[in-house]
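A structural walkthrough
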Amino acid sequence: MGKLQEFEIKFDKNKVVYTPGESISGTVRFKLGQPLQCKAIKVNCNGFCGITSKINETAWSEEEQYFNSTISVADKGTLLQGEQTYPFKFFIPASAPTSFEGNYGRIIYRVRAFIDTPRFAKDYNTEKPFYLLSLLNLNEVPDIWGRCSSAVTQQFTYMLVKTGTVVMKAQTDMKGYTPGQIIQVLTNIHNQSGKTTGNMAASLMQRVTYETKRPTCDVRTIAEVEGGVVKAGKEMEWKEQIIVPPLPQSSLAGCELIKIEYYVKVGLKSPDVMLTLPIHIGNVSLDKKLQPCKKAATPSSAKAEDTPASASTPDTAMPPRPTPKPAPRPTARSRMSSLNSPSAPPADYHQGAEGGTPMNDGFPNKRQSQLVSPHAFSYAPGLFFPHNQQPNGPSTAPSGPMFSGSTGATAPYPPENGASSMPTPLILPPDYGTSAYPQEAPPSYDVSCNT
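Quick look at the structure, then. Keep in mind that what you see is a predicted model, and the values were worked out from it rather than measured.

Calculation notes
- Residues numbered from 1 in each chain as written.
- Predicted model: local features only at pLDDT ≥ 70, side-chain atom pairs only at ≥ 80, totals over all residues.
- Heavy atoms only, no water.
- Salt bridge = Lys/Arg side-chain N within 4 Å of Asp/Glu carboxyl O.
- Buried < 20%, exposed > 50% of the residue type's maximum accessible area, 1.4 Å probe, protein only.
- Helix = DSSP H or I, 4+ residues; strand = E, 2+ residues; numbered from the N terminus.
- Core = buried A, V, L, I, M, F, W, Y, C linked by side-chain atoms within 4.5 Å.
- Contact = heavy atoms within 4.5 Å.
- Pairing = 2+ DSSP bridges.
- Axes fitted to C-alpha atoms, helices over the stretch in contact; angles between N-to-C directions.
- Phe/Tyr/Trp six-rings, centres within 6.5 Å; stacked < 30°, edge-to-face > 60°.

Turning to the pattern of salt bridges, a few remarks are in order. Per the counting criterion, the structure on display carries eleven salt bridges. In this structure, Arg106 engages Glu101 in a salt bridge whose closest nitrogen and oxygen atoms are separated by 3.6 Å. A single burial state applies to Arg106 and to Glu101, both of which are buried. Residue Arg110 pairs with Glu127 through a salt bridge whose shortest N-O separation is 3.7 Å. Taken together, the residues Arg110 in strand β10 (residues 105–116) and Glu127 in strand β11 (residues 124–129) connect sequence positions 17 residues apart. On the accessibility criterion, Glu127 (41% relative accessible area) is partly exposed.

Quick look at the structure:
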């Protein structure tokens, strides 16, 4: 490096993960082998979002600036030989969005230091990234309580002349999840045709939209589970579970260029029947204690509740009526319906989903454990802060700069030196080399979310 032997930026307490509204402070340290003339030493802190239509392109087609501050820590003069240190401090705006890294865009935060030298002399600079995490509390998301459900009826032709119909209904047990939780998927399929269907499948999907002049939509299958077939003229109920892996949160509040969405896709291999169930991924899980109280019982429900009590007492003014029989308990239908065992493990089991037992001869079922794409986590989510939930286990983070310009990126949130009061699993580095070419945003599906 010539005269400049060392030049680095250090954050106080080696902290690299911050929240909006915090201050970031540290020091600029350098070591000179001989005196150096300088015009000024400046430190800059900035945050911005850049997107493009090409994978890993840094010549952004669209940019969005969140903040950009520069201070001078030393004026014009001669820097003496040896080691010198200068402190700095910046304020992070409360409106800054969470750090993010995807194939076609990034939200970047960094601190840069510059040594400006006289004309014709070499200038020196260095930089260090830091990461911002704005927690998404699912309890604060509108219309988050209840289940998400959808239904579809699909007609198709087979054997060139015959026409069949498949009716599919599906729902998830909740509308919001955090990494480590399990999505309960319940599907009912009525095959009203004379042809056996293909295998059923449920997938957790991620769709990231980059708002360029012609929006780029990157759709990925995060995890997939597979079930059996439905024979001709039969009806089947299928229960499945999908474990939510570490993922970016659904909302990048404060960013107008990148939109993240998640949904569960349920369908058949054949015929082509499919529906979607939109969900949210956050950092703080739903707390049933915070669920809004239901309204008081309606007159009709109150009347229904009073009916058994009034029926037990004879009425002298009217002829006696027979006491109504209690409603029979629902039982599994052996001929028209069959129930799958879940493929995901219990919540306290962390080794990955295991396949269940095959179904009876009437409904042959292909069981398959949850498959997770090794390149599914292409985006830099935040830390996982569970609410009333145990962590899945320890994790380690590879070291190295996040924005190195290479085809891969390291973990976005390196661990801090100090002990943390909350578990913080990290995200594995993505591999952009296997990503498909961007697609145009697909048409939206007609999905209803019922509480």
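Picking up where we left off.
Grouped together as the largest cluster of nonpolar side chains are 77 residues, with contacts concentrated most on Ile115, Phe130 and Ile258. Sequence-distant contacts of Ile115, defined by excluding residues within four places in its chain, comprise Leu4, Phe7, Phe30, Leu36, Cys38, Ala40, Ile41, Leu79, Asp123 and Tyr124. Within the second largest apolar cluster, six residues are counted, among which are Leu136, Leu138, Val141 and Leu286.

Moving on, we come to the pairing of strand β13 (residues 148–158). Where β13 meets strand β14 (residues 162–172), eleven bridges bridge the pair, whose relative direction is antiparallel. Following the sheet pairing, Val152 is matched in β14 by Met168. With antiparallel pairing between neighbouring strands as the criterion, β13 and β14 make up a hairpin whose turn holds three residues, including Met159 at a positive phi of roughly 55 degrees.

Let us look at the sheet that holds strand β3 (residues 23–32). In sheet architecture, strand pairing relies on hydrogen bonds along the backbone and comes in two forms, parallel and antiparallel. The three strands are arranged β1-β3-β8 in an open sheet whose pairing can be described as antiparallel. At either margin of the open sheet sits one strand with a lone partner, and together these are β1 (4–11) and β8 (82–91). The average angle at which neighbouring strand axes cross in this sheet is 15 degrees, direction not considered. Pairing of β3 with β8, which is carried by ten bridges, proceeds in the antiparallel orientation.

The next point concerns unusual backbone geometry. Cis geometry is found at the peptide bond from Ser270 to Pro271, where omega equals -5 degrees. One can find Pro271 in the loop between β20 (258–268) and β21 (274–281). The phi torsion at Asn14 lies on the positive side, around 55 degrees, for a residue other than glycine. Mapped onto the fold, Asn14 is located in the loop between β1 and β2 (17–18). Judged by its relative accessible area of 38%, Asn14 is partly exposed. Not every positive phi belongs to a glycine, and Asp143 is a case in point at roughly 50 degrees. With respect to the helices and strands, the residue Asp143 is situated in the loop between β12 (131–132) and β13.

Right, let's talk about the environment of Thr126 for a bit. Topologically, Thr126 is positioned in strand β11. Placed 83 residues apart in sequence, Thr126 and Val43 show a C-alpha to C-alpha distance of 9.7 Å. Ignoring anything within four residues of it in the chain, the contact list for Thr126 reads Phe7, Glu8, Ile9, Val111, Arg112 and Ala113.

In this structure the tally under the stated criterion is ten aromatic pairs. Where Phe88 meets Phe90, the ring centres are 5.9 Å apart and the plane angle is 45 degrees; that geometry is what we call tilted. The residues Phe88 and Phe90 share a single accessibility class, namely buried. Between Tyr109 and Phe130, the aromatic rings sit 5.8 Å apart at their centres with planes inclined by 35 degrees, giving tilted as the arrangement. With Tyr109 in strand β10 and Phe130 in the loop between β11 and β12, this residue pair connects regions lying 21 residues apart in the sequence. The residues Tyr109 and Phe130 share a single accessibility class, namely buried. Among the aromatic residues, those joined into a cluster by ring pairs are Phe11, Tyr18, Tyr66, Phe67, Tyr109 and Phe130.

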